[in-house]
Amino acid sequence: MQLQDILYSQGFGTRRVCAGLVQQGLVTIAGAVVDDPATDLDAEGLQFTVQGTAWAYHEKAYLMLHKPAGTECSQKPSTYPSIYTLLPSPLRLRPNKGAVQGVQAIGRLDQDTTGLLLLTDDGQFIHKMGSPKHHVPKVYEVTAKHPIDDKQIARLLAGVVLDDDPKPVRAAACESDSPLHLRLTLTEGKYHQVKRMLAAVGNRVEALHRSRIGTVTLPADLAPGQWRWLAADEVATLRAPAK
């Protein structure tokens, strides 16, 4: 694969821009400048730098982001900054045939909700993760306004009716380790679901944090606003059929 095409596939600009970056000596591989845009390389596993920024080739991008409060999961935010501003430009500009450029969040979190977001430019992966048939469990850490009692937990596990659907929704798992903290696991994703479920049992969400999606847990050392690539085994477990 030609170097200019590798840079283009990773989001470093148009093919002409990428060729210019190479010709200007702004791309290095293994510490050496490569100035011929047509240089043929094995893209798989390739590490390189562009204008001093280290990068690794990924045919498709799969990453996690620790979403901070006060951000919106939208390309065109209305009030708060977009989560996409937290990502480097190449991730936002990766070419994608017949779709929006760059990586997209799989699902959304409210502006005041923090925690784990997955993003990718793999449309099939987005569809699979969002499919009701896949039943991907998502774990939320809930800070409640009022003390949580056993009756509320029992109702959340049994199922509560929300105002827009007569079919009850229930938590796949629910446990409380302190009076105001609830760990809630859901396998579906309705609008404001956690907040509405707590309201349905007579309580209120004061703070909400998503700590896990499927088998992928938000690392303790990934600070709010930071991101990292998903490891190959993390992507594989997310792709695995629901049990």
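Computed from a prediction, not measured in an experiment: that's the story for all the values here.

Cut-offs and rules
Residue positions within a chain follow its written sequence, with the count starting from 1. Reporting in this predicted model follows two pLDDT cut-offs: at least 70 for local features of residues, and 80 or more for side-chain atom pairs to be given and counted; totals over whole chains, interfaces and linings ignore these cut-offs and use all residues. Heavy atoms throughout the structure, all of them, feed into the side-chain values; hydrogens and water do not. When a carboxyl oxygen of Asp or Glu lies within 4 Å of a side-chain nitrogen of Lys or Arg, that pair is called a salt bridge. Under the scheme used here, helices are H or I runs from DSSP no shorter than 4 residues and strands are E runs no shorter than 2 residues, and both carry numbers assigned from the N terminus. Only protein chains enter the accessibility calculation, which uses a 1.4 Å probe; a residue is then buried when its area is under 20% of its type maximum, exposed when over 50%, and partly exposed in between. The pocket and cavity definitions rest on a 1 Å grid over protein atoms only: a 1.4 Å probe that fits but cannot leave marks a cavity, an open set with protein on both sides within 12 Å along at least five of seven lines marks a pocket, and residues lining either have an atom within 4 Å of a point. Grid points are joined across faces, edges and corners, and a volume is the space filled by probe spheres set on the points. Each residue gets one of three labels, nonpolar for Ala, Val, Leu, Ile, Met, Phe, Trp, Tyr, Cys and Pro, charged for Asp, Glu, Lys and Arg, and polar for the others, Gly among them. Here the arc refers to the directions that run from the helix axis out to each C-beta atom. The criterion used for residue contact is that any of the two residues' heavy atoms lie within 4.5 Å. When DSSP finds two or more bridges between two strands, those strands count as paired.

Quick word on the pattern of salt bridges
Side chains carrying opposite charge are able to pair once their charged atoms draw close together.
Then, in step 1: Tallied over the full model, the rule gives 10 salt bridges.
Then, in step 2: In this structure, Asp-163 engages Arg-196 in a salt bridge whose closest nitrogen and oxygen atoms are separated by 3.0 Å. Linking Asp-163 in the loop between strand 9 (160-162) and strand 10 (165-169) with Arg-196 in helix 6 (residues 193-200), this pair joins segments that are 33 residues apart in sequence.
Then, in step 3: A relative accessible area of 17% means that Arg-196 is categorised as buried.
Then, in step 4: Arg-204 is the partner of Glu-206 in a salt bridge, and the nearest nitrogen-oxygen pair spans 3.7 Å.
Then, in step 5: The class for Glu-206 is partly exposed, based on a relative accessible area of 47%.

Section: empty space enclosed by the protein
Then, in step 1: Taken as a whole and assessed by the stated rule, the structure comprises 1 cavity of 30 Å³ or more.
Then, in step 2: The volume enclosed by the largest cavity comes to roughly 30 Å³.
Then, in step 3: A breakdown of the residues in the lining of the largest cavity according to their chemical character gives 4 nonpolar, no polar and 1 charged.

Details of the environment of Glu-44
Then, in step 1: By secondary structure assignment, the location of Glu-44 is in the loop between strand 2 (32-33) and strand 3 (47-50).
Then, in step 2: Judged by its relative accessible area of 61%, Glu-44 is exposed.
Then, in step 3: Remark: the alpha-carbon pair of Glu-44 and Pro-95, spanning 51 residues in sequence, is separated by 18 Å.

Considering helix 7 (residues 232-239)
Then, in step 1: Within helix 7, the full set of buried residues consists of Glu-234, Val-235 and Leu-238. Viewed along the axis of helix 7, the buried residues span an arc of 100°, placing them on a single side of the element. Exposed side chains of helix 7 directed beyond 90 degrees from the buried face belong to Ala-232 and Asp-233.
Then, in step 2: Buried residues along helix 7 sit in contact with strand 5 (62-67), strand 7 (114-120), helix 4 (123-130), strand 13 (205-213), strand 14 (216-217) and strand 15 (227-229).

Quick notes on the sheet that holds strand 1 (residues 27-29)
Then, in step 1: Read from one edge to the other, the open sheet built from 4 strands follows the order 2-1-3-4, with strand pairing classed as antiparallel. Every other strand in the sheet has two partners, leaving strand 2 and strand 4 (53-56) as the edge strands with one partner each.
Then, in step 2: Strand direction decides the pairing type here: strand 3 and strand 4, joined by 4 bridges, are antiparallel. Within the sheet, the bridge partner assigned to Val-50 lies in strand 4 and is Thr-53.

Looking at the pairing of strand 8 (residues 138-144)
Then, in step 1: Taken across its 7 residues, strand 8 has 6 buried, putting it largely inside the fold.
Then, in step 2: For strand 8 and strand 12 (residues 181-186), the ladder comprises 6 bridges, and the chain directions are antiparallel. Within strand 12, the position partnered with Thr-143 by the bridge is His-181.
Then, in step 3: Sheet analysis places strand 8 next to strand 13, joined by 7 bridges and oriented antiparallel. Each bridged residue has a counterpart across the sheet, and for Glu-141 the counterpart in strand 13 is His-209.

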